[in-house]
Amino acid sequence: MNYLGTRGEPPVGLEQALLAGLAPDGGLYMPETLPAFGPEDFDGLDTLPDVGKRLLTQFFADSALAPELAAICGEAFDFPVPCVSLDANGGRLSVLELFHGPTAAFKDVGARFLAACMQRLSSAAPAAEHRPLTIMVATSGDTGGAVAAAFHGRPGFRVVILYPDGQVSPRQAHQLSCWGDNVLTLAVDGAFDDCQALVKQAFGHAGLRTAHRLCSANSINIGRLLPQMVYYAAAGLWTLRAHGEPASFVIPAGNLGNALGAILAREVGLPVARVHLATNENRTIPDFLRDGEYTPRASVATLASAMDVGAPSNMERLRALYPDFDHLRTQVTADSVSDDAIREQIRRDHARRGQVWCPHTATAACAWERLPIAERERPWVLVATAHPAKFESVVEPLIGETVDVPPALAALLDRPAHRTRIGADLDAVAEALAHWSGGGDA
Ligand SMILES: *Cc1c(COP(=O)(O)O)cnc(C)c1O
């Protein structure tokens, strides 16, 4: 399978798309063709590794990674992703819990899959290339931790994380800084946009790029998108088998990477019905779906901070998939949820069901409740993107209780934190890299 850039760049193989991240002209890679499945193609397959291997085989065809796909799926999908039925709508409402990975957010799935792919590509490289690759990521909170966890201790890789000092939750900050070894954490005196700009500048600086073999692992990488199809495929199959109908999903959305997994799973024939996006007060997507005018804008800060995105990067993929706007708006719908509504949803669902949401997942629960009653009859799945313990400073005052910390997160919070504070300029990044002995090839 080849991958085409959304801006017209000619197709490349999977390896090149994975290692480059972005096409040379700034476009995003999309599969050149989409395979066609029916649910019967997955008869007897139930677990994420099994569904993943079946689903992704054609996406890996002709790639050096093809023989490794089963091992990659086994390595990436090694934590539970349960679809838990809620006592509502006769058991036809459930929650897909994507937060049981090492950093308690769905980004663990994509980061671990990408790391498993890159590890195999780098060990297949010629011996002359055996200097470590440096994965550089800007993060507003969750991506950096997931990428660090996925690459920590992997031979041949170093990770550099840039995050806005003071602008992530205390537990997120700890999770970004608790690695050491081959991970360098830079707390930047600036905003997330400054961190992103610095990463862009570093990639644009030929000296830095070649000296450190810079490589990206951000959320637009096709190696993160492909595995995100897998849990939608599995949840769709589970729902079809349990209720005789395909699953509809409410998905908390920021850059749209997670939701695109559901949309692609439906495109290739998996039992996915509606895809309804829940955004916070960053209304770019709902506004676009209402009037067809796409207006990227500056982000506004909300309680669901991992979705504070004003210019969703995967919009370009969505529009490439459905160039006709009238068609596009039949494929996906969206609703925007305010901070007040997030608070109210967390409070209410705790009181009536004992259910505790993270602020991101609360947008999905709220958007589902706002659907017309007749529409809510079909089997719906709320997508839970993070564990509430990661955002305890928002959640605990609302529910008046402490949220239990899952063991994987507790283990990270026990590790000592190391971070280097730098100003928001490229010289400071270059200097921090030059003085860093971490990782080496170990
Ligand atoms: C990243 C993130 C999102 C948004 O996902 P996108 O793929 O950017 O739409 C939602 N919730 C949490 C907890 C996240 O970390």
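Our subject is the structure that appears above.
Residues numbered from 1 in each chain as written. Predicted model: local features only at pLDDT ≥ 70, side-chain atom pairs only at ≥ 80, totals over all residues. Heavy atoms only, no water.

With that out of the way, let us pick up the overall build of the protein. A count of helical and extended segments in the protein gives 19 helices and 14 strands. Relative to a compact globule of 442 residues, whose C-alpha radius of gyration would be 22 Å, the protein shows 21 Å and is just as compact. Seen through its C-alpha atoms, the protein measures out along the principal axes to roughly 60 × 50 × 40 Å. Per-residue burial over the protein gives 58% buried out of 442 residues. Separation of charge centres in the protein, based on 36 positive and 50 negative side chains, amounts to 1 Å. (Helix = DSSP H or I, 4+ residues; strand = E, 2+ residues; numbered from the N terminus. Rg over C-alpha atoms; globule rule 2.2 N^0.38 Å. Buried < 20%, exposed > 50% of the residue type's maximum accessible area, 1.4 Å probe, protein only. Lys, Arg positive; Asp, Glu negative; His and termini not counted. Charge placed at Lys NZ, Arg CZ, Asp CG, Glu CD.)

Time to look at the site of the ligand. Lining the immediate surroundings of the ligand are 14 residues, of which Lys107, Asp142, Gly254, Asn255 and Thr385 lie closest. Between an oxygen atom of the ligand and a side-chain N or O atom of Lys107, the distance comes to 2.5 Å. Here Asn255 contributes a backbone N or O atom positioned 2.8 Å from an oxygen atom of the ligand. Among the residues forming the shell around the ligand, the class breakdown is 6 nonpolar, 6 polar and 2 charged. (Near = heavy atom within 4 Å. Polar contact = N/O pair within 3.5 Å; in protein donor to acceptor, adjacent residues only side chain to side chain. Nonpolar A, V, L, I, M, F, W, Y, C, P; charged D, E, K, R; others polar.)

This model, assessed by the stated rule, comprises 8 aromatic pairs. Between Phe77 and Phe113, the ring centres sit 6.2 Å apart and the planes meet at 40°, which makes this aromatic pair tilted. Placement of Phe77 in the loop between α3 (69-76) and β4 (83-85) and of Phe113 in helix α4 (residues 107-123) is noted, with a sequence separation of 36 residues between them. Each member of the pair, Phe77 together with Phe113, is buried. Ring centres of Phe288 and Tyr294 lie 5.8 Å apart, and the angle between their planes is 80°; on these two criteria the pair is classed as edge-to-face. (Phe/Tyr/Trp six-rings, centres within 6.5 Å; stacked < 30°, edge-to-face > 60°.)

It is worth stressing that arrangement in space is one thing and function is another; only the former is reported here.
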